[in-house]
Amino acid sequence: MIELGLSLDVILESFFLLLLPILAVAILFSENMAAIAIMSCVFSMVMAVIYLLLAAPDVAMTESAIGAAISTAILIKSMQLTQSRILSDKFFCLANIISFFALLFFGAMMIYGFADLPDYGQGSAPVNSYISKDYIKNTPSEIGIASSVAAILASYRGFDTLGETLVIMVAGLVVYFVMNIERPVQVDLLDEKAEAVYENKIWMTDYIRTMLLPVSLILAFYIQVHGEISPGGGFQAGSVLSSIFIFYFVVADIKSINFHKMIKTLLKLSFVGFLIYLLMAIYTAVIGGYFLEYYAITGTLLGHKIGIFIIEIGVGITVFSVMLMIFLLFEYKLQSKPITRST
Amino acid sequence: MNFEDLWSLNILASALMLMGMFFIITAVVGLIRFPDFLTKIHAISISDSLGVPLFLCGAMLLNGYNLATLKIAIIILLIYLVNPMITMEIGSYFINKKSEGSDD
């Protein structure tokens with residue numbers, strides 16, 4: 001039974017939700033990799049708007065920072081590393097046929113799984129019936145912070161978040177090893193043509209990006225430390241901060257950076273962020289509480305605030321360093337690629 | 001004071017929004033009709049630097065004195081700072097690439 005309550009929210013949501021399959025089909029049938037990168041960026045922006053309409057601003061923040069900014073930058077970098085066009089002359093090769101049947105299988109599984117999902121916005125869905133009400137009701141008395149999302153993330157489901165941070169750290173480590181920058185590549189970075197191109201750049205981009213950097217840094221810092229009160233927290237702050245730096249590096253001449261040293265520092269930083277989280281968990285266990293029971297720090301609700309603040313900082317450091325490190329790895333590979341231009 | 005009752009303010013806001021929409025539509029028409037990459041960029045930058053800020057100015061007038069108005073003002077400032085820079089960056093990249101190609 002569907003009620004047609006056509007409020008503005010419903011119209012907007014339907015419009016953006018209809019935009020998504022159109023974009024997906026456009027991405028599927030496009031052969032230009034640059035267009036695919038831009039369209040996936042638009043897809044992520046539309047997703048972010050939908051999250052915002054569904055009253056999930058922190059998810060929208062993460063989606064627009066990671067989906068729209070960082071993954072687009074990484075896609076474009078990897079596109080420059082490989083080739084910018086899909087070669088479509090061999091359509092019926094073995095790999096294509098195998099992947100077609102695999103995708104058919106997964107698509108059928110997902111359509112089968114749709115049957116068990118609750119309807120869109122259904123009030124009697126398991127999520128809406130008791131658990132979220134429970135969290136919203138008990139967060140002020142049990143955790144003592146205003147943002148119930150941060151309470152779920154850091155306290156009720158603290159162990160899951162520990163695992164997520166570990167997953168992000170391991171992902172960064174895996175990309176680091178796959179890119180294989182240990183083997184030193186002798187690069188002639190400053191060839192004269194590149195110098196001439198960058199001298200041509202006008203002062204405006206440098207001026208504006210320098211002007212925007214402190215403001216954006218304050219924004220990221222605010223999202224980090226305000227995570228207990230307003231939407232935000234470690235994941236959001238880390239992704240916003242890294243997207244700021246990626247923006248700063250994209251518009252700039254970054255040939256003067258010591259990539260190798262910076263990537264290694266970021267790798268170590270990601271370990272440090274995870275260790276902050278883990279040591280916090282172990283500390284709570286050592287002083288007499290359960291694993292990740294922040295209540296034991298002071299014995300009052302203040303302990304929860306301190307513990308959540310510290311682990312959010314750890315999460316933020318890990319997310320920031322991993323995201324920036326992946327981007328810099330691609331950039332480093334791109335610059336150390338032998339230049340095959342003048343043939 | 002209730003801002004929604006002021007009909008002159010409403011008319012001013014509607015005029016600003018309509019002007020903004022006009023410039024956005026001209027930008028889109030230019031994006032489709034113009035022949036060249038650089039002229040296309042020129043056309044679409046009209047919407048960034050004139051269309052969207054005018055529309056948001058209308059929204060600010062409708063909103064009255066509150067925090068959301070300040071946020072819209074910050075958004076206008078950000079659009080003014082970032083979008084011309086991005087347009088210029090894309091255009092300068094295109095020109096540099098073109099000159100490189102002609103050298104080779």
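See the structure above.
Residues numbered from 1 in each chain as written. Chains lettered and ligands numbered in written order. Predicted model: local features only at pLDDT ≥ 70, side-chain atom pairs only at ≥ 80, totals over all residues. Heavy atoms only, no water.

## Side note on the packing of helix α1 (residues 7-33) of chain B against helix α2 (residues 37-63) of chain B
Residues and elements named next belong to chain B.
- Interaxial distance between α1 and α2 falls to 7 Å at its minimum, and their mutual angle equals 165°. The angle between α1 and α2 falls in the class roughly antiparallel. In this structure, the crossing between α1 and α2 has a hand that is left-handed.
- Partitioned by chemical class, the residues of the contact of α1 with α2 number 23 nonpolar, 6 polar and 1 charged. (Axes fitted to C-alpha atoms, helices over the stretch in contact; angles between N-to-C directions. Helix = DSSP H or I, 4+ residues; strand = E, 2+ residues; numbered from the N terminus. Parallel < 35°, antiparallel > 145°, perpendicular 65-115°, else oblique. Left-handed = near helix turned anticlockwise from the far one by under 90°. Nonpolar A, V, L, I, M, F, W, Y, C, P; charged D, E, K, R; others polar.)

## Observations concerning helix α1 (residues 8-29) of chain A
All names here are of chain A.
- Counted at 1.5 Å a residue, the expected span for α1 with its 22 residues is 32 Å, and the 32 Å between its end C-alpha atoms agrees.
- Where α1 is concerned, the buried positions are E13, F16, L20 and L23. One side of α1 carries all its buried residues, which in axial view fall inside an arc of 85°. Away from the buried face of α1 by more than 90 degrees, exposed residues L18, I22 and F29 are located.
- Elements in contact with the buried residues of α1: α2 (33-53). (Expected span 1.5 Å × (residues − 1). Buried < 20%, exposed > 50% of the residue type's maximum accessible area, 1.4 Å probe, protein only. Arc of directions from axis to C-beta. Contact = heavy atoms within 4.5 Å.)

## Topic: the environment of B:G58
All names here are of chain B.
- Along the chain, the position of G58 falls in helix α2.
- In sequence terms G58 and N10 are 48 residues apart; their C-alpha atoms lie 8.8 Å from each other.
- Those residues in contact with G58 that lie beyond four places of it in its chain are A13, L16 and M17.

## Things to note about the packing of aromatic side chains
Residue and element names in this part refer to chain A.
- What the rule picks out here adds up to 12 aromatic pairs over all chains.
- For the ring pair Y176 and F177, a centre distance of 5.5 Å and an interplane angle of 70° mean the geometry is edge-to-face.
- The class for Y176 is buried, based on a relative accessible area of 5%.
- Taking the centre distance of 5.8 Å and the plane angle of 50° together, the rings of F259 and Y332 count as tilted. With a gap of 73 residues between them, F259 in helix α11 (residues 259-286) and Y332 in helix α13 (residues 302-335) connect regions that are remote in the sequence. (Phe/Tyr/Trp six-rings, centres within 6.5 Å; stacked < 30°, edge-to-face > 60°.)

## Brief notes about the packing of helix α7 (residues 158-179) of chain A against α13(A)
All names here are of chain A.
- Between α7 and α13, whose axes approach to 10 Å, the crossing angle comes to 15°. Classified by the angle between their axes, α7 and α13 sit roughly parallel to one another. Remark: the crossing between α7 and α13 carries left-handed chirality. Contact residues: α7 offers T161, T165, I168, M169, G172, V175, Y176 and M179, while α13 offers V315, T318, V319, V322, M325, I326, L329, F330 and K333.
- Residue classes in the contact of α7 with α13 are distributed as 12 nonpolar, 4 polar and 1 charged.

## Observations concerning the environment of B:L38
Residues and elements named next belong to chain B.
- The topology assignment puts L38 in helix α2.
- C-alpha separation for the pair L38 and I90, spaced 52 residues apart in sequence, amounts to 9.3 Å.
- When sequence neighbours within four positions are dropped, the list of residues in contact with L38 reads G91, F94 and I95.

## Re the pattern of salt bridges
Residue and element names in this part refer to chain A.
- What the rule picks out here adds up to 1 salt bridge over all chains.
- One salt bridge connects E331 with K77, and the closest N-O pair in it is separated by 2.9 Å. Of the two residues, E331 is situated in helix α13 and K77 in helix α3 (residues 57-81); the sequence distance between them amounts to 254 residues. Of the two residues, E331 and K77, both sit in the buried class. (Salt bridge = Lys/Arg side-chain N within 4 Å of Asp/Glu carboxyl O.)

## Here's the deal with the side chain of B:T87
Residue and element names in this part refer to chain B.
- With respect to the helices and strands, the residue T87 is situated in helix α3 (residues 67-103).
- Within polar-contact distance, the side chain of T87 engages the backbone oxygen of N83 at 2.8 Å.
- Sequence-distant contacts of T87, that is, excluding residues within four places in its chain, are made with I41, S45 and D48. (Polar contact = N/O pair within 3.5 Å; in protein donor to acceptor, adjacent residues only side chain to side chain.)

Purely spatial values, then, with no claim about function.
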